[in-house]
Each structure stands twice: as C-alpha cells, then as structure tokens.
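So the chains spell out like this:
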Amino acid sequence: MVFFFQNMINALQWGSFYALIALGYSMVYSILMLFNFAHGDIFMVGAYIGFGVSTGLIALTATGVIALPNWLILVLTILFSMFLTSLVGMLVERIGYRPLREAPRASAAITGLMIGIILETGNLALLGARRVSFPSLIETTTYNLGGVYITNKKIMIVVVSLAIMLALDQFIRRSKWGMAIRAMAFDYLVVPLMGISINTIARMTFAIGSALAAVAGILFGMAYPVLDPYMGILFGWKAFVAAILGGRGSIMGACLAGFLLGFIEIFVAMIFPSTLRDLIAYSIIMLILTFRPHGFFGEPYSAQLRL
Amino acid sequence: MSLLQVEKMTHYFGGLKAVYNYNLQIDPGQIKGLIGPNGAGKSTIFNLITGIYKPTEGDIRLEGKSIVGYKPHQVAAMGLGRTFQNMQLWRHMTVLEHVKMARYSKLRYGLCGAFFGTAKRRREEAESDEKAHYFLNMFGVDPLADQNIFNLPYGAQRRVEMARAMATEPKVLFLDEPTAGMNPEELGRMVATIRQVHEELGLAIFLIEHRLRVVMELCESIQTLVFGEIIAEGTPEEIRSNPKVIDAYLGKDVVE
C-alpha cells in the first residue's frame with residue numbers, strides 16, 4: 001500500500017509535465033486544426049530559458065549586485081521564462097504557421113517538424129552538445145508520511161501545475177479571449193465579423209501554450225536537473241498523445257489525459273521491467289483510442305472545420 | 001452622401017467572372033434587396049463587401065471612406081454587420097455567449113483581468129451581459145439566454161444569429177437569406193422582426209432573399225442579379241413587371 005501511494009505521488013508529478021505540454025498542443029489544434037509538432041521543442045527551449053534566467057539571477061545574487069532569496073529567484077525565473085518562451089511561440093506562429101494558414105495541413109505538420117529540428121540544432125550550435133544542469137533553486141526537504149516519501153519539490157510541481165491549469169480553465173471559460181478561442185474552435189468564418197482578429201487569437205494561443213511549456217520545462221528541470229537539446233522530442237510526442245487522448249479542444253481532457261499517461265507509465269514500470277514501460281503503456285493507450293477514437297471529451301465532428 | 005456605396009465592382013475567381021461591374025448605393029435607413037437565381041453571385045457580393053474576398057476591381061465606400069483591402073474584422077468594426085445563409089453558429093456555446101462575442105471589441109480589460117478577475121473586468125462583463133440581454137430581448141429570445149444554441153428550434157437560432165449581428169451595432173446590416181428554410185409561421189415572425197428593427201432603429205439593411213414575397217414586402221428597392229450582373233433595379237412594382245426579370249428569374253408564367 002505504501003508502495004502504491006509512493007507511485008501515486010510520482011505519477012502525479014510525471015503527469016503534470018505531460019498535462020502542461022498537452023495543453024499547448026490541444027489549444028493550438030482546436031483553433032487552427034494543426035498540430036504544432038515543434039511544441040515539444042518549445043518545452044526544451046523553455047527549460048533552457050529557465051536555466052539561463054535562473055543561472056543569471058543566481059550569479060547576480062552571488063556577486064552581490066542584487067540580493068534575492070532563492071524562492072524569489074524561482075518565482076522570477078518562472079515569470080520571465082514564461083514571457084520569453086511565449087515570445088518564441090509567437091515567433092514560431094508568425095514565421096512558421098501564419099503563411100501556411102491556407103496550405104494543406106500536411107505542409108503545416110512538416111513545418112512543425114522542421115521548426116523542431118531548427119530549435120534543437122540551433123540550441124546545439126549555441127550551447128554545444130554538453131548537457132547543462134539546472135540549478136537547484138530550492139533545498140530538497142523530504143517528508144516521511146507513514147513510509148511514503150514526499151519531497152517539497154514534488155508538492156510544488158504538482159501544486160503549481162494544478163494552479164496553472166485552473167487559471168487557464170477560468171481564462172478559457174470566462175474571459176473574452178477564452179470565448180473567442182472557443183468560438184474559433186467551432187467555426188472560423190464568422191469570428192472576424194464580430195470584430196475579432198483571427199491572427200490575434202492565434203498568436204495568443206501560441207503564446208499561452210508556450211508559456212505553459214516553459215513552466216513544464218522549469219519544473220522538469222527542478223525534478224530532473226539535466227537538460228539536453230533533444231529532451232523535448234519524446235516528451236513532445238507523448239504530450240501529443242495526451243492531447244489526442246483528451247479530445248480535441250478540451251482543456252480538461254488534455255489535463256486528465258496527461259495525468260493518465262503519467263499514471264500508466266509509472267504503474268507499468270512498477271509492475272514490469274522499466275525497459276518495457278513505453279511498449280506496454282502505449283499499447284494500452286492505443287487500445288483506449290480504438291474504443292474512443294475521439295478521445296475522452298472529443299466529439300465526432302464534421303469536416304466543415306477548415307484552416 | 002450615401003451610407004454605403006459600391007462602384008464598378010468586378011471580381012474574378014481565377015478565370016471565372018463572378019461579379020461584373022456591380023454598383024450599389026444604400027442611404028441611411030434604407031432597405032434594399034438583392035434577388036437572383038442560384039449561383040448568380042449574391043453571396044459573393046456580400047463576401048466582397050464585408051472583406052472576406054477582395055474585389056479584383058472597383059471601390060467600396062462606407063460613409064465616404066474606402067474599405068477595400070481591409071480585413072473582415074476591421075470591416076466589421078467599421079460598421080458592417082452580417083448574417084449567413086447557413087448561420088455559422090458555435091456549437092457548445094450558449095445563446096448569451098453568442099451575443100456577447102459580438103461585444104468582444106467593446107471589452108477593454110487586459111490579460112490581468114482575464115486571468116484574475118479585476119474590478120474593471122467585472123464591470124465590463126456585467127455591462128456586456130446587460131447589452132447582450134437587450135439584443136436578445138429585441139429578437140424575443142432572451143428567455144433562452146442560458147440554453148445551448150443547438151437546443152433551440154431553427155427559427156430561434158436564426159433570431160439569435162440576427163441578435164448577434166445587431167450586437168456589433170452595425171451601420172448597415174447584411175442579411176443573407178434570413179428566412180431560408182423557415183416554416184410560414186417563423187417566416188411571418190422574421191419579416192415582422194426585420195421590419196421592426198428597421199423602423200425602430202432606422203437601420204439600413206441589405207437583404208438577399210430567395211422568396212420574392214419577403215423582398216417585395218420589405219424592400220424599397222430591389223436589384224436583380226443574373227450571372228454576376230445586375231439586369232434590373234427598381235421598386236418592387238418595377239421589378240415585378242420588368243420583362244428581363246420575368247424572363248430570367250420569375251419565369252414567364254408567374255406574373256399574370
């Protein structure tokens with residue numbers, strides 16, 4: 001039982017990363033009908049930006065230019081990285097996807113893959129092949145709850161992720177932009193006639209998705225402090241699976257599916273040798289998709305959605 | 001000066017001549033109609049004026065200012081509201097949300113408000129709600145405000161679509177077959193509503209219709225479009241007795 005709870009905690013943490021990244025996939029897909037296959041690499045870029053910002057802030061504090069406590073460095077790192085990564089996301093949208101709005105969807109998918117490769121190799125060119133280690137921003141404290149070990153970092157990761165998901169849900173459900181995003185997901189044509197610029201909404205969606213990926217990157221860096229330029233690939237693909245599993249355009253679905261993926265992976269690894277983890281985990285997911293091809297909250301939709 | 005003026009507008013889709021040398025003048029408070037057989041280019045004219053397509057040639061002026069080359073959302077903000085032949089409603093959104101969407105550009109609160117709910121946002125959203133209810137009321141669908149749009153009967157959906165177009169507070173309202181697919185009772189209500197909106201608000205309306213009864217009843221002036229060209233323009237009586245219209249559109253046996 002203790003073993004089970006221990007894995008629950010780990011699965012929650014692992015699922016948080018997937019969920020945060022899946023949200024970006026899902027939002028972009030729902031409004032533009034395209035998968036931003038560069039999104040996993042945006043996660044990587046976010047982690048590296050977080051690395052850069054936090055290392056810089058730590059250096060400034062060490063040299064006595066400014067004196068910041070560690071928790072403030074963490075908060076500032078998250079905020080700055082969200083901002084900077086959202087700029088990267090908007091740039092990707094502007095350069096990579098906007099010219100392809102009317103193009104076949106396959107072109108957009110290929111563009112995504114290419115942007116991903118550019119981001120990976122660009123990083124490689126910039127920082128070299130050496131892995132970098134993410135600074136430990138908060139001291140790890142371990143709590144023992146009846147044999148289950150919980151670290152403060154794990155709690156923080158799960159709490160921050162959940163808080164962000166709730167904020168996003170409120171944003172989508174209640175704000176004017178959220179309303180525009182939902183409307184665009186179901187019919188494109190009439191949205192501009194309400195005086196709403198499609199480009200603004202597209203840009204904003206990319207910005208939000210990228211900011212969430214940046215948070216995921218930083219949280220990931222805190223839990224597994226080794227970053228490399230290709231870290232986003234596998235994570236990106238898995239989060240993509242989560243987005244599909246959640247159902248098109250469903251915020252709730254993407255979150256739940258992200259966590260579910262985390263749970264399946266962790267619990268499969270608990271029972272089977274960990275080398276078989278992905279084989280078994282993704283076979284299970286394929287089975288789920290066989291019975292629910294539109295995901296948990298997706299609905300069969302007609303082909304009338306364009307762009 | 002007329003409110004909306006279209007001069008010598010021509011549009012090609014590739015090599016296909018969709019609209020040729022089209023002129024239109026709408027004065028404040030006027031209702032004009034556009035009739036023509038299927039495929040004559042009526043909806044294309046709407047799409048050209050509202051900025052969805054850019055005309056190959058010609059000029060479109062709203063209150064004297066050219067609106068050619070502006071994006072649809074800019075043209076909408078300048079004061080051209082429209083409805084669609086097949087409605088274009090948003091599944092999964094409530095009636096109220098549909099109309100609130102039309103108030104989007106009037107909401108000024110920023111990102112901070114969107115995520116955390118500032119006082120400014122609450123005030124603006126409350127105002128927006130109130131306005132939305134006002135327009136829903138105008139079309140008699142306010143009691144359905146919290147319903148999902150797809151739970152509404154067809155006629156009511158049409159009315160919500162009209163309310164949505166009106167909520168953008170247009171200077172000219174474009175209606176693309178507002179009575180398409182309606183039963184006689186719904187049709188009668190719709191005609192009465194259009195007339196009421198026109199009379200109470202003095203709104204200029206440009207109307208595409210298939211049913212001649214509706215156009216003849218509502219419009220002061222009617223254009224007849226055949227293969228992208230206007231073949232006749234005039235009052236309902238003139239149109240009814242114009243031999244070219246009878247020939248191309250009404251068929252020889254309709255008018256006794």
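Here, every reference points to the structure presented above.
Below you will find a few notes about this structure. (Residues numbered from 1 in each chain as written. Chains lettered and ligands numbered in written order. Predicted model: local features only at pLDDT ≥ 70, side-chain atom pairs only at ≥ 80, totals over all residues. Heavy atoms only, no water.)

**Brief notes about the overall build of chain A**
For chain A, the helix and strand inventory stands at ten helices and four strands. Secondary structure elements of chain A, listed N to C terminal, follow the sequence α-α-α-α-β-β-β-α-α-α-β-α-α-α. Whereas a compact globule of 307 residues would reach a radius of gyration of roughly 19 Å, chain A reaches 19 Å, a difference of no more than 12%. The C-alpha extent of chain A, read off along each of the three principal axes, is 55 × 50 × 40 Å. (Helix = DSSP H or I, 4+ residues; strand = E, 2+ residues; numbered from the N terminus. Rg over C-alpha atoms; globule rule 2.2 N^0.38 Å.)

**Description of helix α1 (residues 42–49) of chain B**
Residues and elements named next belong to chain B. Taken across its eight residues, α1 has seven buried, putting it largely inside the fold. Within α1 the residues assigned to the buried category are Lys42, Thr44, Ile45, Phe46, Asn47, Leu48 and Ile49. Just past α1, the residue Gly51 takes up positive phi, approximately 90°. (Buried < 20%, exposed > 50% of the residue type's maximum accessible area, 1.4 Å probe, protein only.)

**So, the environment of Glu186 of chain B**
Residues and elements named next belong to chain B. If you trace the backbone, Glu186 turns up in helix α7 (residues 184–201). Sequence spacing of Glu186 and Arg158 is 28 residues, and the spatial spacing of their C-alpha atoms is 9.7 Å. Those residues within four positions of Glu186 in sequence are excluded, and the remaining contacts are Tyr154 and Gly155. There is a polar contact of 3.1 Å between the side chain of Glu186 and the backbone nitrogen of Gly155. (Contact = heavy atoms within 4.5 Å. Polar contact = N/O pair within 3.5 Å; in protein donor to acceptor, adjacent residues only side chain to side chain.)

**With respect to the packing of aromatic side chains**
In this description, a pair of aromatic rings is defined by centroid distance and the angle of the planes. This structure, assessed with the given rule, holds 31 aromatic pairs over all chains. Considering the side-chain rings of Trp14 of chain A and Phe235 of chain A, the 5.3 Å spacing of their centres and the 70° angle between planes classify their relative orientation as edge-to-face. Of the two residues, Trp14 of chain A is situated in helix α1 (residues 2–32) and Phe235 of chain A in helix α8 (residues 231–246); the sequence distance between them amounts to 221 residues. Ring-pair connections join several aromatic residues into one group, and the members of that group are Trp14, Phe17, Tyr18, Phe43, Phe220, Tyr224 and Phe235 of chain A. The ring of Tyr134 of chain B has Lys131 of chain B lying over it, and the distance from NZ or CZ to the ring centre is 5.9 Å. (Phe/Tyr/Trp six-rings, centres within 6.5 Å; stacked < 30°, edge-to-face > 60°. Lys NZ or Arg CZ within 6 Å of the ring centre and 35° of its normal.)

**Some words on the nonpolar core**
One finds Leu168, Phe171 and Ile201 of chain A together with Trp90 of chain B to be the most contacted residues of the largest nonpolar core, which totals 151 residues. With 15 residues, the top contributor of residues to this core is α1 of chain A. The contacts of Phe171 of chain A, once residues within four sequence positions are left out, are Trp177, Gly178, Ile181, Met204 and Ile208 of chain A together with Leu111, Ala114 and Phe115 of chain B. Counting 27 residues, the second-largest nonpolar core is a separate cluster that includes Val6, Leu24, Ala40 and Ile208 of chain B. (Core = buried A, V, L, I, M, F, W, Y, C linked by side-chain atoms within 4.5 Å.)

**Considerations on the interface of chain B and chain A**
Contacts between the two partners involve 30 residues from chain B, matched on the other side by 29 residues from chain A. Contact between chain B and chain A buries roughly 2800 Å² in total, counting both sides, with carbon and sulfur atoms accounting for 68%. Our enumeration of links across chain B and chain A arrives at one salt bridge. The tally of links from chain B across to chain A stands at six residue pairs in polar contact (both at pLDDT 80 or more). For the side of chain B that touches chain A, the secondary-structure elements that each account for two or more residues are α2 (72–78), α3 (95–102), α4 (111–116) and α5 (119–138) of chain B. The element contributing the most residues to the side of chain B that touches chain A is α3 of chain B, with four residues. (Buried area = accessible area lost by both parts, 1.4 Å probe. Salt bridge = Lys/Arg side-chain N within 4 Å of Asp/Glu carboxyl O.)

**Comments concerning the pattern of salt bridges**
Under the counting rule described, the total for this entry stands at 21 salt bridges over all chains. Between Arg173 of chain A and Asp169 of chain A there is a salt bridge; the shortest N-O distance is 2.8 Å. One end of the pair, Arg173 of chain A, and the other, Asp169 of chain A, are both in helix α5 (residues 152–174), four residues apart, so they sit about a helical turn from each other. Across the pair Arg61 of chain B and Glu7 of chain B runs a salt bridge, and its minimum N-O distance is 3.3 Å. Taken as a pair, Arg61 of chain B in strand β4 (residues 57–62) and Glu7 of chain B in strand β1 (residues 4–13) lie far apart in primary sequence, 54 residues in all. We classify Glu7 of chain B as partly exposed; its relative accessible area is 33%.

**Details of the side chain of Ser16 of chain A**
Tracing the chain through its elements places Ser16 of chain A in helix α1. Exposure remark for Ser16 of chain A: the relative accessible area of 0% places this residue in the buried category.

**Some thoughts on the layout of surface pockets**
Put simply, the second largest pocket is a space of about 780 Å³. Every element with two or more residues in the lining of the second largest pocket is listed here: α3 (70–97), α5 and α7 (198–223) of chain A together with α4 of chain B. When residues in the lining of the second largest pocket are grouped by element, the largest group, eight residues, is from α3 of chain A. Here the residues of the lining of the second largest pocket sort into 20 nonpolar, two polar and one charged. (1 Å grid on protein atoms, 1.4 Å probe; cavity = no way out; pocket = protein on both sides within 12 Å on 5 of 7 lines; lining within 4 Å. Points joined across faces, edges and corners; volume = space filled by probe spheres on them. Nonpolar A, V, L, I, M, F, W, Y, C, P; charged D, E, K, R; others polar.)

**Description of the sheet that holds strand β10 (residues 229–234) of chain B**
All names here are of chain B. Strand order in the open sheet made by the six strands is β6-β7-β8-β3-β9-β10, with mixed pairing throughout. Edge positions in the open sheet fall to β6 (80–82) and β10, since each of these has one partner strand only. Strand after strand, the sheet turns through a mean of 20° between neighbouring axes, direction not considered. Two strands pair when backbone bridges link them, and strand β9 (residues 221–226) and β10 are joined in this way by five bridges, in the antiparallel orientation. The partner of Ile222 across the bridge, within β10, is Gly234. (Pairing = 2+ DSSP bridges. Axes fitted to C-alpha atoms, helices over the stretch in contact; angles between N-to-C directions.)

**Comments concerning a nonpolar patch on the surface**
Residues Phe80, Phe83, Leu84 and Leu87 of chain A make up a contiguous nonpolar surface patch of about 360 Å² in total accessible area. Secondary-structure assignment places Phe83 of chain A in helix α3. (Patch = residues over 30% accessible without salt bridge, like charges linked within 9 Å, V, L, I, M, F, W, Y side chains within 5 Å. Areas by Shrake-Rupley, 256 points an atom, 1.4 Å probe, with all protein chains shown as cover.)

**Observations concerning the packing of α1 of chain A against helix α6 (residues 176–186) of chain A**
All names here are of chain A. Orientation of α1 relative to α6, taken along the N-to-C sense of each, is 55°, at an axis distance of 6 Å. Classified by the interaxial angle, the pair formed by α1 and α6 is oblique. Between α1, through Met27, Ser30, Ile31 and Leu32, and α6, the contact on the second element is made entirely by Ile181, Met184 and Ala185. For the contact of α1 with α6, the class distribution of residues is six nonpolar, one polar and no charged. (Parallel < 35°, antiparallel > 145°, perpendicular 65-115°, else oblique.)

**With respect to empty space enclosed by the protein**
All names here are of chain A. Applying the stated criterion across every chain yields a total of one cavity of 30 Å³ or more. As a volume, the largest cavity reaches approximately 30 Å³. If you go around the largest cavity, the residues you meet are Gly24, Val28, Asn36, His39, Phe206, Gly209 and Ser210. Secondary-structure elements contributing two or more residues to the lining of the largest cavity are α1 and α7.

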